[in-house]
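# Topology and contacts: notes
Spelled out from the first residue to the last, the chains are:
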Amino acid sequence: MPERKDYYGTLGVEKKASDDEIRKAYRRLARKYHPDLNPGDKAAEEKFKTVQEAYDVLNEPKKRAMFDQYGFYSDSGFPQGGPPPGGGPGMGFEGFDFSDFINQQGGRRPPSGAPGGDAGGRFSDIFSQFFGGRQSAQPQQPEKGADLEYTLNIDFWQAIRGTQVRLSISRQEACATCQGSGSAGGNVASCPECSGTGQVSQTAGAMKFNLTCTRCNGSGRLRNVCPTCRGEGRTAHMDSVEVRLPAGVASGSRLRVAGKGNAGRMGGSAGDLYITVRVEEHAFFKRDGDTIEIKVPITVPEAVLGAKIEVPTIDGRAILKIPQGTQNGQKFRLREKGVTNSRKDARGDQIVEVVLQAPPANDERTRELLRELAEQYPPDPRSDVWSKV
C-alpha cells in the first residue's frame, strides 16, 4: 500500500472543508513556502512540494473522493495489483451486490442521506470498481487549468504613485495545432487492450480486480496523438501580461488577473494569475500601512523657543510648527500627507518625530552660554527618577 498521508492536515483544513477553503489555505501556504521567497531554504522547498502535492489531490473531485475513501491517491488505483486492505485468497466479489446484504441485515434500506443510508451503494461502488464486473469507459470531462503565482518586486516610489508594468509569464496555452484536444484527427479506434471499456482485469491468486487501462488512459479509445503537444493538448508559451498597480499598493498585496493561468484540459477554462507585490523599503521614509513616519533633527533653541521648520514629505516640502518646550522624541502629525488608499479613497497621515540635537561646545563662548543656561534652570530633571526606582 502507498504511504498514508494527511493532506487535510498538510493544508491545515478539516476533512469537510469546502473547495474555497482548500484553495485559500493552499495559496496562503504557497506564498509562505514558495522557493522564490525562501532562496536557499531546502526545508521551505520541501514543504512547498508537500503543500503542492496535497492541493493537487484535494483540488480534483475524483482524486479527493478516492483519497477520502481509501486514505491515499494513486493514478493507477492500487499499486502492483494489490487489493484494498482486508482481502485475501479465495475472496471473489464479482456479481455480489452488497446492497442486498445490507438490506437483509436491516430488513429495509435506510433513506438516502441518513446515516448509513448509502452504505450498500458505497460498498457496491468500491468493490465493483476494484473487484467487480466490467464498466464502460467514462468520457473525459473538461478540467480547469491550474492557477499561477508570480512575485513582482517594485520600489518605494512605484508603490506610492502607482505604476504600470509588463510581465513575461511562462504558461501553458491550448495547442494551436489540435485546438487543445491532443489528437491529430483521423479515425478513433476502440482500444484493443481493454476492448473499449477503459479497464483491464488482473488476477492475484483467486482474486480478480479491474485497473485503468494504461494504453488508452481509461478512455477506451485510441487516437492519433498530436505531434506538436504529444497528446497533452497544451504547449508552453511566454505570454506578455500588462498589469496596472494602483497608487498606494502595499507590500504583500495580491492582484488577480483572470484567465492568465494555465489553459484547461478538454475545453476547460484557464486558471488565473495571482501576483504578489513586494515593495522595497526607502532609506528615509518608513511606511506603516497608509502612514508615513520620519525622524527630523531640531536644535535646542528651536525646541525651547519654538520654530517653523521645513520637513520632507512624499509630496515635497511641508512646514511643521514646533511649539515652545518641545521634548526630544515628541511626535507631530501632518494630516493627509501619507499614502493614498485607493479602496477607501482617502489618504493617511505623516508622523514626524523630532530628535533634539545638542550643540557642539567647541569654544569657550559656547560653554559660557551653556553654564548661564544651567544657572537659569537649576532644577534637576532626574529628581523624580529615584523615587520611581
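Before any of the text, the structure's been laid out above.
Conventions adopted
Residues numbered from 1 in each chain as written. Predicted model: local features only at pLDDT ≥ 70, side-chain atom pairs only at ≥ 80, totals over all residues. Heavy atoms only, no water. Patch = residues over 30% accessible without salt bridge, like charges linked within 9 Å, V, L, I, M, F, W, Y side chains within 5 Å. Areas by Shrake-Rupley, 256 points an atom, 1.4 Å probe, with all protein chains shown as cover. Salt bridge = Lys/Arg side-chain N within 4 Å of Asp/Glu carboxyl O. Buried < 20%, exposed > 50% of the residue type's maximum accessible area, 1.4 Å probe, protein only. Pairing = 2+ DSSP bridges. Helix = DSSP H or I, 4+ residues; strand = E, 2+ residues; numbered from the N terminus. Axes fitted to C-alpha atoms, helices over the stretch in contact; angles between N-to-C directions. Contact = heavy atoms within 4.5 Å. Parallel < 35°, antiparallel > 145°, perpendicular 65-115°, else oblique. Left-handed = near helix turned anticlockwise from the far one by under 90°. Nonpolar A, V, L, I, M, F, W, Y, C, P; charged D, E, K, R; others polar. Expected span 1.5 Å × (residues − 1).

## Looking at a nonpolar patch on the surface
On the surface, Val-385, Trp-386 and Val-389 cluster together into a nonpolar patch covering about 400 Å² of accessible area. Residue classification places Trp-386 among the exposed residues on the basis of a relative accessible area of 67%.

## Comments concerning the sheet that holds strand E9 (residues 273-279)
The strand order across the open sheet built from three strands is E1-E9-E8, with neighbouring strands paired in mixed fashion. The open sheet has two free edges, formed respectively by strand E1 (148-154) and strand E8 (254-257), since each of these has just one partner strand. Averaged over all adjacent pairs, the angle separating strand axes in this sheet is 25 degrees, with direction ignored. Examined bridge by bridge, E1 and E9 share seven bridges and lie parallel to one another. Of the residues in E9, the one forming a bridge with Leu-152 is Val-277.

## Description of the pattern of salt bridges
Counted under the stated rule, the structure contains 20 salt bridges. With a closest N to O distance of 3.0 Å, Arg-171 and Glu-173 form a salt bridge. For Glu-310, the salt bridge is made with Arg-317, and the minimal N-O distance between the two is 2.8 Å. Residue Arg-317 is classed as exposed on the basis of its relative accessible area, which comes to 69%. One salt-bridge network, in which partners are shared between bridges, spans Lys-42, Glu-45, Glu-46 and Lys-49.

## Re the pairing of E9
Counted residue by residue, E9 has six buried out of seven residues, so it is predominantly covered. As judged from the four bridges shared by E8 and E9, these two strands associate in the antiparallel manner. Bridge pairing links Arg-256 to Tyr-274 in E9.

## Re unusual backbone geometry
Phi is positive for Glu-336, which is not a glycine, with a value near 55 degrees. Tracing the backbone through its elements, the reader meets Glu-336 in the loop between strand E14 (331-334) and strand E15 (340-341). A positive phi angle, close to 55 degrees, is found at Asp-345, a residue other than glycine. Mapping Asp-345 onto the fold places it in the loop between E15 and strand E16 (346-347). Asp-345 sits in the exposed class, given a relative accessible area of 71%.

## Here's the deal with the side chain of Thr-163
Relative to the elements of secondary structure, Thr-163 occurs in strand E2 (residues 163-174). On the basis of relative accessible area, Thr-163 is assigned to the buried category, the value being 17%. Not counting residues within four places of it along the chain, the set of residues in contact with Thr-163 comprises Gln-158, Val-243, Arg-244 and Leu-245.

## Quick notes on the sheet that holds strand E10 (residues 286-288)
If you walk across this open sheet you meet the four strands as E10-E11-E17-E14, and the pairing is mixed. Edge positions in the open sheet fall to E10 and E14, since each of these has one partner strand only. Pairwise comparison of adjacent strand axes, ignoring direction, gives a mean angle of 35 degrees for this sheet. With three bridges joining them, E10 and strand E11 (residues 291-299) adopt antiparallel strand pairing. Paired with Lys-286 across the strands is Glu-293, a residue of E11.

## Details of the packing of helix H2 (residues 19-33) against helix H3 (residues 42-58)
Running from N to C, H2 and H3 cross one another at 165 degrees; their axes reach a closest spacing of 9 Å. In terms of their interaxial angle, H2 and H3 are classed as roughly antiparallel. Helix-helix and strand crossings are classified by hand; for H2 and H3 the assignment is left-handed. Every residue of H3 that contacts H2 at Ile-22, Arg-23, Tyr-26, Leu-29, Ala-30 and Tyr-33 is listed here: Ala-44, Lys-47, Phe-48, Val-51, Gln-52, Tyr-55 and Leu-58. When grouped by side-chain class, the residues that make up the contact of H2 with H3 number 10 nonpolar, one polar and two charged.

## Looking at H2
Given 3.6 residues per helical turn, the α-helix brings residues three or four places apart onto the same face. The first and last C-alpha atoms of H2 sit 21 Å apart over 15 residues, in line with the 21 Å expected at 1.5 Å per residue. Listing the buried residues of H2 in full gives Ile-22, Ala-25, Tyr-26, Arg-27, Leu-29, Ala-30 and Tyr-33.

Distances and angles like these do not, on their own, reveal function.
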